[in-house]
Amino acid sequence: GLMMALGYDAMTGFATIALGEYIGFMAATLNPYTVAVAQSIAGVQLYSGIGYRAVCFVVLMGAAVAYLMLYARKVRRKPELSVVYGDSCTHSFERSQLDSYTFTWRHTLILLDVLATLVILMMGMIRWKWGYKELCGLFIIMSAVAALIDKWSPNDYCQEMLAGIRSVVWGCILTGLAKGIIVIMNHAQIMDTIIYVLGNLLEKAPSAISAQLMLVAHTLINFLIPSGSGQAAATMPIMAPFSDVIGLSRQATVMAYQFGDGFTNMITPTSAVLMGALGIARIPYEIWVKWFWKLLLLFIILGLVLLIPTVLFPLNGF
């Protein structure tokens, strides 16, 4: 809604959030759900190799920012070039509506409430091994504190909560359908077979391009196991010992998994997060694919290139 009020479109707003979140996830330096889990299973020192991961983050984020800025500039100059031109958006509002708002000390306290929540969230995931139940409770507490700061009555708070729930119901339905695909594949017992076959194919490949082929393998696996920690648990016990046989460092194997898991998270229809977010933003999946596929191709190329130094050069932590 804010992006539309500033003269852009819904895709610009959604991509601003989605690209930031997904790139932070796939090029993460301290992601407890991917890096920590994969390194622990692979027997690698926890969060080692953070320096080169930071370099990868800068490269991938720079590419995403440039792609999005070029699109946003084009849409602002010619709105009819928007990929969602003519589609209504439930989150839109006029720029003139912003003039009725002023930033006060209460808003400062609410932002500090959000910041404190994020700090507690990271501590909870890393030190206390929190899961989704604890995180949901934490965000409910955050919203309740914000309501108290803004002097909402209990009735106002409940009404706003229900209004927010209504806006995400469609996303919840899509999330359930995406999860249903994973349940079917689990009960059909086909995931382990696919992973085993891909591992056998990698064994016959030249060691010089083994990291790149691992990225391709994890990219294919991610369509079946979109969960980062789930994919690490399923593949690292196979890939980590296998990397020893072909002369590839386990750290490089973890990074190949990290990229393979992350890139296609932004396009796989079995990703509950992606389908839920698209549902909330009211952006059709096919429109997102049409907008994103060129950037996805660029990400894959950059990922293949960024894996080369992990094989050829003695990097710190690798």
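Up top you'll find the structure we're talking about.
Residues numbered from 1 in each chain as written. Predicted model: local features only at pLDDT ≥ 70, side-chain atom pairs only at ≥ 80, totals over all residues. Heavy atoms only, no water.

A. Quick look at the overall build of the protein. Helix and strand content of the protein: 13 helices and zero strands. When the elements of the protein are put in sequence order from the N terminus, they spell out α-α-α-α-α-α-α-α-α-α-α-α-α. In the protein, buried positions account for 41% of the 318 residues. Looking at the protein alone, contacts between residues at least 24 apart form 74% of all its contacts between residues at least 6 apart. (Helix = DSSP H or I, 4+ residues; strand = E, 2+ residues; numbered from the N terminus. Buried < 20%, exposed > 50% of the residue type's maximum accessible area, 1.4 Å probe, protein only. Contact = heavy atoms within 4.5 Å.)

B. View of the environment of Ser-210. The topology assignment puts Ser-210 in helix α9 (residues 210-222). Separated by 101 residues in sequence, Ser-210 and Val-311 have C-alpha atoms that sit 8.8 Å apart. Among all residues touching Ser-210, those that are not within four sequence positions of it are Ile-246 and Leu-248.

C. Spotlight on helix α5 (residues 105-127). Taking 1.5 Å per residue, 23 residues should reach 33 Å; α5 reaches 33 Å between its end C-alpha atoms and fits that length. Along α5, the positions that sit buried rather than exposed are Ile-110, Asp-113, Thr-117, Leu-121, Gly-124 and Met-125. One or two residues past the end of α5 sits Lys-129, with phi positive at roughly 55°. (Expected span 1.5 Å × (residues − 1).)

D. Broad picture of the nonpolar core. Counting residues in each nonpolar core, the largest one holds 56 residues, and the members touching the most others are Leu-19, Leu-60, Phe-259, Trp-288, Trp-291, Phe-292 and Phe-299. Secondary-structure elements contributing two or more residues to this core are α2 (10-26), α3 (35-42), α4 (50-77), α9, α10 (228-246), α11 (250-263), α12 (272-281) and α13 (285-312). Among the elements that line this core, the one with the most residues is α13, at 10 residues. Residues in contact with Phe-299, not counting those within four places in the same chain, are Ile-23, Met-26, Leu-60, Ala-63, Ala-64, Phe-263, Met-266 and Phe-292. (Core = buried A, V, L, I, M, F, W, Y, C linked by side-chain atoms within 4.5 Å.)

E. Seen up close, the packing of aromatic side chains. Following the criterion strictly, the structure yields nine aromatic pairs and no others. Taken together, a centroid distance of 5.5 Å and an interplanar angle of 20° make the contact between Trp-288 and Trp-291 stacked. Note that Trp-288 and Trp-291 are positioned in helix α13 at a spacing of three residues, about one turn of the helix. Taken individually, Trp-288 and Trp-291 each receive the classification buried, so the pair is uniform in this respect. A centroid spacing of 6.3 Å and a plane angle of 55° characterise the contact between Phe-292 and Phe-299, whose relative ring orientation is tilted. (Phe/Tyr/Trp six-rings, centres within 6.5 Å; stacked < 30°, edge-to-face > 60°.)

F. Fine view of the side chain of Gln-251. Note on placement: Gln-251 falls in helix α11. A residue is classified by how much of its surface remains accessible, and Gln-251, at 3% relative accessible area, is buried. Beyond its immediate sequence surroundings of up to four residues, Gln-251 is in contact with Gln-39, Val-44, Ser-48, Gly-49, Arg-53, Gly-317 and Phe-318.

G. Highlighting helix α6 (residues 132-149). Taking 1.5 Å of rise per residue, 18 residues should cover 26 Å, and α6 covers 26 Å from first to last C-alpha, within 8% of that figure. For α6, the complete set of buried residues consists of Leu-135, Leu-138, Met-142, Ala-146, Ala-147 and Ile-149.

H. Broad picture of the packing of α2 against α4. Interaxial distance between α2 and α4 falls to 10 Å at its minimum, and their mutual angle equals 175°. Between α2 and α4, the crossing angle belongs to the class labelled roughly antiparallel. Two secondary-structure elements touch here, α2 through Met-11, Thr-12, Ala-15, Thr-16, Leu-19, Gly-20, Ile-23, Gly-24 and Met-26 and α4 through Phe-57, Leu-60, Met-61, Ala-64, Leu-68, Tyr-71 and Ala-72. The residue inventory of the contact of α2 with α4, partitioned by class, reads 12 nonpolar, four polar and no charged. (Axes fitted to C-alpha atoms, helices over the stretch in contact; angles between N-to-C directions. Parallel < 35°, antiparallel > 145°, perpendicular 65-115°, else oblique. Nonpolar A, V, L, I, M, F, W, Y, C, P; charged D, E, K, R; others polar.)

I. A look at unusual backbone geometry. For Tyr-47, which is not a glycine, the phi torsion comes out positive at approximately 60°. When you line up the elements, Tyr-47 lands in the loop between α3 and α4. The class for Tyr-47 is buried, based on a relative accessible area of 16%. Phi at Lys-151 takes a positive value of approximately 60°, unusual for a residue other than glycine.

J. Representation of the packing of α4 against α13 in the model. Their axes nearest at 11 Å, the elements α4 and α13 cross at an angle of 160°. Considering the angle they form, α4 stands roughly antiparallel to α13. Considering only the axes of α4 and α13, their crossing is right-handed. Across the interface between the two elements, Tyr-52, Cys-56, Val-59, Leu-60, Ala-63, Ala-64, Tyr-67, Leu-68 and Tyr-71 of α4 pack against Trp-291, Lys-294, Leu-295, Leu-298, Phe-299, Leu-302, Leu-306, Pro-309 and Thr-310 of α13. Taken together, the residues that form the contact of α4 with α13 break down as 16 nonpolar, one polar and one charged. (Left-handed = near helix turned anticlockwise from the far one by under 90°.)

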